[in-house]
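# What the coordinates show
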Amino acid sequence: MTRFIHLTDLHISHPGSPDPSDKSGAVETLRRVVQVINAMERQPAFVVASGDLTNMGDAASYRLLQEILEPLAPPLVMALGNHDKRAPFHEVLGNAGSDAPYFHDVVHGGMHVITLDTMKPGHVAGTICDAQFDFLAHALSRHSDLPRLIVMHHPPRVDADGLPWGSIDMPATERLAEMLQGQKVAGILSGHIHINQVNHWYGIPIVISNGQDSTIDLLATDGLRIVEGTGMGICEWRPSGLSVSFVPLSPAARELRMIDRKRLLAFT
């Protein structure tokens, strides 16, 4: 079994960044998340941060992000989202002087983690460019014995009638589905829409977390109502499939009762 953590939509802003909104809560949430992960009794094999790392995409915010994440014990896999900007990201955390899409792959915990850059500059919705599909084809030719984990900020568009801004476009979705057909894909980790959601797409679970900044009120019918609520996903891959537990980080929960571990074991 491989345990890993899914973070998304960090939306970090440095106090001096040109951000009209107050993102101090997101900063404090991420600091707490690092402490929570490092204190886990069973450490995860890796941590995924699936995009919207910053809110404005400025270099100062990426430096703050780097400072917050530096103490994180497990390896970190990052993706970019529509709020990010490639050149400042590369200046601080990537390849200085580049403004290229940020896509890569790595093996962690016996899983082949493939990260795509779904950002479409100037747009809320996402896409996957031809260069990344070429990269994906080569990546899928390697590590064929390992389960694949795909990281992409915008999820595939599972419903042709869904909101187009909430995913990659339909041509990219269809091309991705064709390329992943027959592959051993453990799951796709995404964010962007600020809700906890799991969709099954051609047999592949798409796991979306509400993230570390805010969440969306799914009961609101007269518009997009953004409310307090942050969380992360604790993911576990077994030969039988992927399990995800969504862990709320805020608002703070009032404790009703505590049953200690010794008593829990007595219940079996």
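First things first, this report covers the structure right here in the doc. (Residues numbered from 1 in each chain as written. Predicted model: local features only at pLDDT ≥ 70, side-chain atom pairs only at ≥ 80, totals over all residues. Heavy atoms only, no water.)

Turning to the pattern of salt bridges, a few remarks are in order. All told, the structure shown has 11 salt bridges when counted by the stated rule. We note a salt bridge from Glu-67 to Arg-31, for which the minimum N-O separation is 3.1 Å. Of this pair, Glu-67 sits in helix α2 (residues 59-69) while Arg-31 is found in helix α1 (residues 24-38), placing the two residues 36 residues apart along the sequence. What makes Glu-67 partly exposed here is its relative accessible area of 42%. For Arg-31, a relative accessible area of 29% puts it in the partly exposed group. (Salt bridge = Lys/Arg side-chain N within 4 Å of Asp/Glu carboxyl O. Helix = DSSP H or I, 4+ residues; strand = E, 2+ residues; numbered from the N terminus. Buried < 20%, exposed > 50% of the residue type's maximum accessible area, 1.4 Å probe, protein only.)

Contact pair α2 / helix α3 (residues 86-93): the axes reach a minimum separation of 9 Å and the direction vectors enclose 40°. What the angle tells us is that α2 and α3 run oblique. Crossing geometry of α2 relative to α3 is assigned as right-handed. Residues Ala-59, Tyr-62, Arg-63, Leu-65 and Gln-66 of α2 lie in contact with α3, whose contacting residues are Pro-88, Phe-89, Glu-91, Val-92 and Leu-93. Looking at side-chain class alone, the contact of α2 with α3 contains seven nonpolar, one polar and two charged residues. (Axes fitted to C-alpha atoms, helices over the stretch in contact; angles between N-to-C directions. Parallel < 35°, antiparallel > 145°, perpendicular 65-115°, else oblique. Left-handed = near helix turned anticlockwise from the far one by under 90°. Contact = heavy atoms within 4.5 Å. Nonpolar A, V, L, I, M, F, W, Y, C, P; charged D, E, K, R; others polar.)

Attention now moves to the pairing of strand β8 (residues 197-201). Relative to strand β9 (residues 204-208), β8 is paired through five bridges, and the arrangement is antiparallel. What sits directly across from Gln-197, in β9, is Ile-208. Here β8 folds back onto β9, and the loop between the two strands holds two residues, one of which, Tyr-202, carries a positive phi near 50°. (Pairing = 2+ DSSP bridges.)

Further remarks concern the packing of helix α4 (residues 130-139) against helix α5 (residues 170-180). Angle between the axes and distance between the axes are the two parameters that describe a pair of packed helices. Put simply, α4 and α5 touch, their axes get as near as 11 Å, and they point 10° apart. In terms of axis orientation, α4 runs roughly parallel to α5. Facing α4, whose interface residues are Asp-130, Phe-133, Leu-136 and Ala-137, α5 presents Ala-172, Arg-175, Leu-176 and Met-179. Looking at the contact of α4 with α5 residue by residue, the class counts come to six nonpolar, no polar and two charged.

Turning our attention to the side chain of Asp-117. Along the chain, Asp-117 falls in the loop between β5 (111-115) and α4. Separated by 2.8 Å, the side chain of Asp-117 and the backbone nitrogen of Tyr-102 make a polar contact. Among the polar contacts made by the side chain of Asp-117, one reaches the main-chain amide nitrogen of Met-119 at a distance of 3.0 Å. When near neighbours in sequence (up to four residues on either side) are disregarded, Asp-117 contacts Leu-80, Arg-86, Pro-101, Tyr-102, Phe-103, Thr-127 and Gln-132. (Polar contact = N/O pair within 3.5 Å; in protein donor to acceptor, adjacent residues only side chain to side chain.)

What follows covers the nonpolar core. By size, the foremost hydrophobic cluster in this structure holds 30 residues, and its most contacted members are Ile-12, Leu-30 and Leu-53. Elements with a contribution of two residues or more to this core: β1 (2-7), α1, β2 (46-50), α2, α3 and β12 (230-238). Among all residues touching Ile-12, those that are not within four sequence positions of it are Ala-26, Val-27, Leu-30, Leu-53, Thr-54, Asn-55, Ser-61, Leu-64, Leu-65 and Ile-68. Ranked by size, the runner-up nonpolar core spans 24 residues in total, among them Ile-168, Ala-172, Ile-204 and Ile-206. (Core = buried A, V, L, I, M, F, W, Y, C linked by side-chain atoms within 4.5 Å.)

It is worth stressing that arrangement in space is one thing and function is another; only the former is reported here.
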